[in-house]
Amino acid sequence: MKNSSLFILFVTFLVGPTVVQAVSVQSTTSTYVSLRDCIAGESICDAISPAHRHAVGGVPGSPHAEANLKDPEFGESAGSAYLSGEPGSAKITANVNSLQAKRNASTSFVLQRYTNTSEETQTLTFSGDMTYDQKVPEENSTFPADGGSRSGVFVEMELFSLKTHSIEAGTTAGDNFGIFDGGPPPGYQSLRKAKTDGVMSDLTGQGNENFSMSVVLKPGDSIWLVATMQAIAANGAVVKAKLHTKLTIVSE
């Protein structure tokens, strides 16, 4: 993944300013999809244009978000994010395809706070299983790695702590997607992080990747869980992916 943290990823795709009277959340989901033109240089897609069209799904605090766009001149971009109601259990999907010289993408995330309400120390294991199926034209391998036009699936999962019990997420779907605009919330401390290493970038094939991280949580303490999946399809590529997450809790 190009971005070094989830906060950078969210700001990159921010679609609107936050509002003054924000809704405070302890869990939320969001999906952002876009259709863009490729900008030619040495290759047909050295860079990408501002969004020709975009759509955002998931208001602050929503357990379900989805968005989709379809255009005969660009292709299609669709995504969804679901929280099942169980701690750490979620599903993110993406289905993106593009026409020649176009670049489409779907980015979704799930965010949830968990508190150890028991009287025992707990070991939490946050894990994810991502499956993908993608077809990418061979010429796409010549696209610059930093141009935003590489096709593939990119996942990042993180466990972090805050000093606050909630996060302000605005009032609209656009605000919600930009929940980390302006930097991390007060007291943010990253505890564990896992992400794709880019091996699927611009490769045709099917497969899966697994992610797992563990942390010890004392009675009364809380932790935040976040998972993001982004699918990009440029210049005739087709990318489909699903990410399932779960939280395993073992009391000591």
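Residues numbered from 1 in each chain as written. Predicted model: local features only at pLDDT ≥ 70, side-chain atom pairs only at ≥ 80, totals over all residues. Heavy atoms only, no water.

**A closer look at the pairing of strand 14 (residues 222-234)**
Then comes step 1: With 12 of 13 residues buried, strand 14 lies mostly within the body of the structure.
Then comes step 2: By the bridge criterion, 9 bridges tie strand 10 (residues 152-161) to strand 14 in an arrangement that is antiparallel. If you follow Val153 over to strand 14, its bridge partner there is Ala231. (Buried < 20%, exposed > 50% of the residue type's maximum accessible area, 1.4 Å probe, protein only. Helix = DSSP H or I, 4+ residues; strand = E, 2+ residues; numbered from the N terminus. Pairing = 2+ DSSP bridges.)

**So, the packing of aromatic side chains**
Then comes step 1: As enumerated under the stated definition, the model contains 5 aromatic pairs in all.
Then comes step 2: Pairwise contacts between aromatic rings join Phe160, Phe180, Tyr188 and Trp224 into one cluster.
Then comes step 3: When the ring centre of Phe74 is taken as origin, the NZ or CZ atom of Lys102, which lies over that ring, is 4.3 Å away. (Phe/Tyr/Trp six-rings, centres within 6.5 Å; stacked < 30°, edge-to-face > 60°. Lys NZ or Arg CZ within 6 Å of the ring centre and 35° of its normal.)

**Quick notes on the environment of Gly41**
Then comes step 1: By the secondary structure assignment, Gly41 is in the loop between strand 2 (27-39) and strand 3 (47-48).
Then comes step 2: Taking the C-alpha atoms as reference points, Gly41 and Ser161, 120 residues apart in sequence, are found 43 Å from one another.

**Remarks on the state of the cysteines**
Then comes step 1: Tallying each qualifying case throughout the model produces 1 disulfide.
Then comes step 2: A sulfur-sulfur separation of 2.1 Å characterises the disulfide bridge that pairs Cys38 with Cys45. Here the disulfide of Cys38 and Cys45 is left-handed, its torsion about the S-S bond being about -80 degrees. Accessibility classification places Cys38 together with Cys45 in one group, the buried group. (Disulfide = S-S within 2.5 Å.)

**What to know about the side chain of Ser98**
Then comes step 1: Here Ser98 lies in strand 7 (residues 90-98).
Then comes step 2: On the basis of relative accessibility, which here comes to 6%, the residue Ser98 falls in the buried class.
Then comes step 3: Within the structure, the side chain of Ser98 is placed 3.5 Å from the backbone nitrogen of Ala234, a separation counted as a polar contact.
Then comes step 4: At 3.1 Å, the side chain of Ser98 forms a polar contact with the backbone nitrogen of Gly236.
Then comes step 5: When sequence neighbours within four positions are dropped, the list of residues in contact with Ser98 reads Phe74, Gly75, Asn104, Ala233, Ala234, Asn235, Gly236 and Ala237. (Polar contact = N/O pair within 3.5 Å; in protein donor to acceptor, adjacent residues only side chain to side chain. Contact = heavy atoms within 4.5 Å.)

**A look at the sheet that holds strand 7**
Then comes step 1: Within the open sheet, the 6 strands sit side by side as 5-6-7-15-9-13. Their pairing is antiparallel. Looking along the sheet, the strands with just one partner apiece sit at the ends: strand 5 (64-71) and strand 13 (205-217). Sheet twist, expressed as the mean angle between neighbouring strand axes with direction ignored, is 10 degrees.
Then comes step 2: Summarising the sheet, strand 9 (residues 122-135) and strand 15 (residues 238-251) pair through 14 bridges and their orientation is antiparallel. Counterpart to Gln122 in the pairing with strand 15 is Ser251. (Axes fitted to C-alpha atoms, helices over the stretch in contact; angles between N-to-C directions.)

**Section: the environment of Val250**
Then comes step 1: Mapped onto the elements of the fold, Val250 is located in strand 15.
Then comes step 2: Looking at Val250, the relative accessible area reads 46%, which means it is partly exposed.
Then comes step 3: Remark: the alpha-carbon pair of Val250 and Leu124, spanning 126 residues in sequence, is separated by 6.6 Å.

**A look at the side chain of Asp71**
Then comes step 1: Residue position: Asp71 is located in strand 5.
Then comes step 2: In contact with Asp71, not counting residues within four places along its chain, are Leu35, His52 and Arg53.

**Quick word on the pattern of salt bridges**
Then comes step 1: A full pass over the atoms with the stated rule returns 3 salt bridges.
Then comes step 2: Residue Asp37 pairs with Lys102 through a salt bridge whose shortest N-O separation is 2.5 Å. Separated by 65 residues along the polypeptide, Asp37 in strand 2 and Lys102 in strand 8 (residues 102-115) bring together distant segments of the chain.
Then comes step 3: Judged by relative accessible area, Lys102 falls into the buried class, the value being 16%.
Then comes step 4: Note that Asp202 is salt-bridged to Arg150, the shortest N-O span being 2.2 Å. In this pair, Asp202 sits in the loop between strand 12 (189-195) and strand 13 while Arg150 sits in the loop between strand 9 and strand 10, placing the two residues 52 residues apart along the sequence. Here the two residues Asp202 and Arg150 agree in accessibility, since each one is buried. (Salt bridge = Lys/Arg side-chain N within 4 Å of Asp/Glu carboxyl O.)

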